[in-house]
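What follows is each chain in one-letter form.
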Amino acid sequence: MTYRENPKNDNRAREYFAAHADQFPGVAAAMQTFFDAPGLNTARELMKTYFSHHQQGDIESLEKVTSVFASKIRVAKMVDSVLADEDELKGIADRSYPHPIGFDKLVLYHDQDSGFKLRLHVYWRGNQRAAMERLHLHKFEMASAIVAGELTNHIWKIKEFDNSAGLVRGIQTEETDESREQKKMYAYSGYRRDAQGVLHKTFLGEALLERGETKTMVSGQSYAQLLSDGHYVETNAETGISNGDICSTIYIHGPALTDESGRKIPILFEEFRLAADDQVVKPIPAMTPEYLRSQLTKYRDFLKQNLEFYDWLYDEKHGRNLSVGMIAGYLLAESHHNPHVLSLWVDNEHECKEELRAHEKTLRKLVNGEMKLSDFSEDDRTKRYFAILLDKALTHPRGKEYFLDKYGDLVKEMWRYCGAIRGEKPEITELKPMWTGFVGRDLPGGAHYGHVAAMIEAAYKARDKIMPYFNASETDRGDMWKEDDSPVSKADPEAEDAIRSTLKEYYPAYHFKGEESGEDTTQPPQEGDRRWLVDAIDGTRNFNAGRYDFCIMMACQKFEGGEWVTTDSLIADPVHNKIWWAEKGQGAFCIEGRSSETKMAVPHKHIFDHYPADEPLHGRMIDLSIKGLSIDAEMAFRRILREEQSVERNMGSTGLMLVSAGDGRSDGVVLTAHDYDIEPGLLIAREAGAAIREVTFNVGPVQRTAFIAASDDRTADVLKKAVEQGLQANPKPPVPQPPAL
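Report follows, based on the coordinates.

Parameters and conventions
Residues numbered from 1 in each chain as written. Predicted model: local features only at pLDDT ≥ 70, side-chain atom pairs only at ≥ 80, totals over all residues. Heavy atoms only, no water. Helix = DSSP H or I, 4+ residues; strand = E, 2+ residues; numbered from the N terminus. Buried < 20%, exposed > 50% of the residue type's maximum accessible area, 1.4 Å probe, protein only. Contact = heavy atoms within 4.5 Å. Areas by Shrake-Rupley, 256 points an atom, 1.4 Å probe, with all protein chains shown as cover. Phe/Tyr/Trp six-rings, centres within 6.5 Å; stacked < 30°, edge-to-face > 60°. Lys NZ or Arg CZ within 6 Å of the ring centre and 35° of its normal. Core = buried A, V, L, I, M, F, W, Y, C linked by side-chain atoms within 4.5 Å. Pairing = 2+ DSSP bridges. Axes fitted to C-alpha atoms, helices over the stretch in contact; angles between N-to-C directions. Parallel < 35°, antiparallel > 145°, perpendicular 65-115°, else oblique. Left-handed = near helix turned anticlockwise from the far one by under 90°. Nonpolar A, V, L, I, M, F, W, Y, C, P; charged D, E, K, R; others polar. Polar contact = N/O pair within 3.5 Å; in protein donor to acceptor, adjacent residues only side chain to side chain. Arc of directions from axis to C-beta. Salt bridge = Lys/Arg side-chain N within 4 Å of Asp/Glu carboxyl O.

**A word on the overall build of the protein**
Scanning the protein for helices and strands turns up 22 helices and 29 strands. Classification of the 741 residues of the protein by burial places 56% in the buried group. Excluding contacts between residues fewer than 6 apart, the proportion of contacts in the protein whose partners are at least 24 apart in sequence is 71%. Accessible surface computed for the protein: about 31,700 Å², of which carbon and sulfur atoms make up 48%.

Structure below.
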């Protein structure tokens, strides 16, 4: 799935200008043209059409038309159109310059008739830590659409103004609210041009300002502002000051206006009076076309990397998307003032979990109307992320209750996000890294995303069903025997149902085959189909007897070339709270205690030093579950093992046997069983580095397979030969036997 930006802005703008078609003729059509073919030309025509009808003070319509630029996709195409037009590039360079407070001020278009400007502001990473924008009053109405990163807009209202210098005719003031912060500041012209064209910063008088609204907006949002409001902005990336990434906006600079008091110049405010009341301001040189091209190219590449990141964030491989986990990480970044959120999560997991559980309570109160965003302090930097989560909940197509049920556990969502992003790049520490070629794993690691994440969650849901029955009485367990003489308890179908419902929530189109319920479809599979293969309790005899050797087994398979191929698998030990999982071609991993994770690898053994060539199985631990062989074949095989003086064992769980072959707790395993008993553990053993062999044979008209996993090729080959010799010793057609547990 490709990431698509939120359509709410577009729908809002369409509805507004459709409802105000008489006031703004042609705007709706120009907007649709821009949607269909984003570029500088269509953007320019949209804004020319709008400003030909705009009235002073109408910042509602100004915000609506500006909101359509809050799109990384469209702005990237606008930049591409500029880079492709050399004349356009030169014209923009002549009008643009790098602002001293740390952003590129790019005037994409200046309309000489109405006076409006279409600007792109790019705040490069880290620059604003050195210089924050000064508080000021514009001489024009303005609106801004946040394309990337975030922007905090601080409003200050003028309460008193001493126009002792007499350079402005007056400034509109408002009544004082003593409950709000106030400060005395010094007003200067910004900037006044004399008859010779020289710029001056001239003292205008003293002012009393009062703090107004402080609002933080993230990419995809927009705002417009009254001419009489003073403001300054601070910009950071999605994790605020703790990450300091790139921010960019499309800025609409309206025509120069005169406010109700007759003010005709912009005003800058300083906390301290400057040494000179009149200072000559040196103009900033315009950009060269070469410099502009390099900056636009760098910015365009950043936007495309950003879009690749969101493609990854919303990729269907994750099941449900990872965006809530990323926002949970923002909350941690703000509270710890630390950009290295992934390391923070790993190193201080208990503390982070407690914080997120507290945040979850706040989120639920907001969603249920027990708390409002206005209850947050204006300086509380977590407010913006709760605003995003609240918007996600209230606009979710299946309702806010569904959102809370599926995404409300912030600990789980952060755990999913951390596992997924570290699976892509395990060496990273920042929450939202930007690098060239993000998509595509080249360093595998703990990748708890997609199929693996779904199976991990399903395993914990199954554990909740299984453990209450463990060590319960036989009556409470409801022990029964199936037609093939294999045992079953009440826990088996309950756990399988929990697994099925969880996996179906992630991937509703996938087929399901379980030991208890069988295949969920009678239709033959098609190329590319997916299915889940599940044994909710592997080792039921052990489970019923109160022994620990049982597990939960799951595999995800894809139908390729006429057969089901296992691509992902999981085995969970619910008693010891351990999980083993593997992804085809990416390795196998073990999670202990839901936090500590290590990559599995069959221990290297110097087998030729310890095992003579004529006694390759002497003293080796071999796990067996070979009831699929005939009695004669099984007896012949066991006789070979005894002659080799190997140690035989049957743990009663094929899954745990295969895991043992993958982590070195056994030297080899030989199994004959159903696919749901074999496939999950076989992939884990193979990805851990075990040597895998297969021997096919017939049981009447049915072809079956004996699977061998061993610590090394030599042991695997010897075991395969022993199985083949056992089958050759079978004088009669084999008798079908019940499958191993």
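This is not the end of the story, as more comes after the structure.
**Quick look at the packing of aromatic side chains**
By the definition in use, this model includes 29 aromatic pairs. For the ring pair F470 and F550, a centre distance of 5.3 Å and an interplane angle of 50° mean the geometry is tilted. Taken as a pair, F470 in the loop between α14 (450–466) and α15 (474–477) and F550 in the loop between α17 (540–544) and β20 (551–560) lie far apart in primary sequence, 80 residues in all. In this pair, the class of F470 matches that of F550, namely buried. Taking 5.7 Å as the distance between ring centres and 35° as the angle between the ring planes, the aromatic pair formed by Y510 and W532 counts as tilted. Residue Y510 is found in the loop between α16 (491–506) and β17 (511–514), and its partner W532 is found in strand β19 (residues 530–538); the two are separated by 22 residues along the sequence. With relative accessibility at 15%, the residue Y510 sits in the buried group. Clustering of aromatic rings is evident, with ring pairs tying together Y16, F17, F24, Y50, F51, Y109 and F116. One Lys or Arg, K201, reaches over the ring of Y188 and ends 5.8 Å from the middle of that ring. Over the face of the ring belonging to Y407 we find R320, whose NZ or CZ atom lies 5.6 Å from the ring centre.

**A few points about the nonpolar core**
As a rule of thumb, nonpolar side chains are buried together in soluble globular proteins. Counting 78 residues, the largest nonpolar core has I499, L503, W532 and M554 as its most contacted members. The element best represented in this core is α14, accounting for nine residues. Ignoring anything within four residues of it in the chain, the contact list for W532 reads H451, A454, M455, L503, Y507, Y510, H511, F512, K513, A555 and C556. M31, L40, M47 and A70 belong to the second-largest nonpolar core, a separate cluster that totals 50 residues.

**Section: the sheet that holds strand β2 (residues 103–110)**
Spatially, six strands are ordered β1-β2-β3-β12-β5-β10 in an open sheet, and the strand pairing comes out antiparallel. For this open sheet the edge positions go to β1 (97–99) and β10 (222–225), each flanked by a neighbour on one side alone. Neighbour to neighbour, the strand axes of the sheet diverge by 25° on average, direction disregarded. Inspection of the sheet shows β2 paired to strand β3 (residues 117–123) by seven bridges, in the antiparallel sense. Bridge pairing in β3 links D104 to V122. Across the sheet, helix α7 (residues 289–313) touches β1, β2, β3, β5 (140–148) and β12 (247–256), and the angle it forms with β5 is around 55°.

**Details of unusual backbone geometry**
A cis geometry characterises the amide bond from G190 onward to Y191, with omega recorded as -5°. Mapped onto the elements, Y191 comes out in the loop between β7 (182–189) and β8 (192–193). Backbone geometry places H337, a non-glycine residue, at a positive phi of 50°. Tracing the backbone shows H337 in the loop between α8 (323–336) and α9 (341–347).

**So, the packing of α8 against helix α10 (residues 349–367)**
Contact pair α8 / α10: the axes reach a minimum separation of 10 Å and the direction vectors enclose 110°. In terms of orientation, α8 lies roughly perpendicular with respect to α10. For the element pair α8 and α10, the recorded crossing hand is right-handed. Contacts from A328, L331, L332, S335 and H336 in α8 reach E351, C352, E355, L356 and H359 in α10. Class assignment of the residues belonging to the contact of α8 with α10 gives a composition of five nonpolar, three polar and two charged.

**Brief notes about the environment of K157**
Mapped onto the elements, K157 comes out in strand β6 (residues 150–162). The class for K157 is partly exposed, based on a relative accessible area of 22%. Between the alpha carbons of K157 and L208 there is a distance of 8.6 Å; along the sequence they are 51 residues apart. Among the polar contacts made by the side chain of K157, one reaches the side chain of D229 at a distance of 2.9 Å.

**Quick word on the environment of D194**
Along the chain, D194 turns up in the loop between β8 and β9 (199–218). The exposure class assigned to D194 is partly exposed, which follows from its relative accessible area of 21%. A distance of 2.9 Å separates a polar atom in the side chain of D194 from the backbone nitrogen of Q196. Reaching out from D194, the side chain makes a polar contact with the side chain of H200 at a distance of 2.8 Å.

**A closer look at the pairing of strand β28 (residues 691–699)**
Relative to strand β29 (residues 702–710), β28 runs antiparallel, the two sharing nine bridges. Each residue of the ladder has a partner; that of E694, found in β29, is F707. What sits between β28 and β29 in their antiparallel hairpin is a turn of two residues, with G700 showing a positive phi close to 60°.

**Details of helix α6 (residues 86–95)**
Turning to α6, its buried residues are E88, L89, I92 and A93. Looking straight down α6, one finds that the buried residues subtend no more than 135° of arc, so they occupy a single side. Exposed and facing more than 90 degrees away from the buried side of α6 are D87 and D94. Where α6 is buried, its residues contact α3 (40–51), α5 (72–83), β2 and α7. Measuring from the backbone nitrogen of D87 back to the side-chain oxygen at the start of α6 gives 3.2 Å, which picks out D85 as the cap.

**Some details on the pairing of strand β23 (residues 587–592)**
Consecutive residues of a regular strand have side chains that alternate between opposite faces of the sheet. Counting buried residues along β23, five of its six residues qualify, which places the element largely inside the surrounding structure. The pairing of strand β22 (residues 578–583) with β23 spans six bridges and is antiparallel. Counted as the bridge partner of W581 is F589 from β23. A loop of three residues connects β22 with β23, the two strands running antiparallel in sequence, and G585 in this loop sits at a positive phi of about 80°.

**A closer look at the pattern of salt bridges**
Tallied over the full model, the rule gives 41 salt bridges. The residue R384 makes a salt bridge to E150 at a minimum N-O spacing of 2.4 Å. Here R384, found in helix α11 (residues 383–394), pairs with E150, found in strand β6; they are 234 residues apart in sequence, far enough to count as distant. When its relative accessible area of 7% is taken as the criterion, R384 is described as buried. With relative accessibility at 1%, the residue E150 sits in the buried group.

**A short note on the packing of α10 against α11**
Close contact between α10 and α11 brings their axes to 10 Å; oriented N to C, the two are set at 50°. The angle between α10 and α11 falls in the class oblique. Considering the relative orientation of α10 and α11, their crossing is right-handed. Side by side, α10 and α11 meet where H359, T362, L363, L366 and V367 of the first sit next to F386, L389, L390, A393 and L394 of the second.

**Quick look at helix α2 (residues 27–36)**
V27, A30, M31, F34 and F35 are the residues of α2 that are buried. End-on view of α2: buried residues confined to an arc of 145°, all on one side of the axis. In this structure, α2 carries A29 and D36 as exposed residues pointing more than 90 degrees from its buried face. Residues of α2 that are buried make contact with α1 (8–19), α3, α4 (59–66) and α5.

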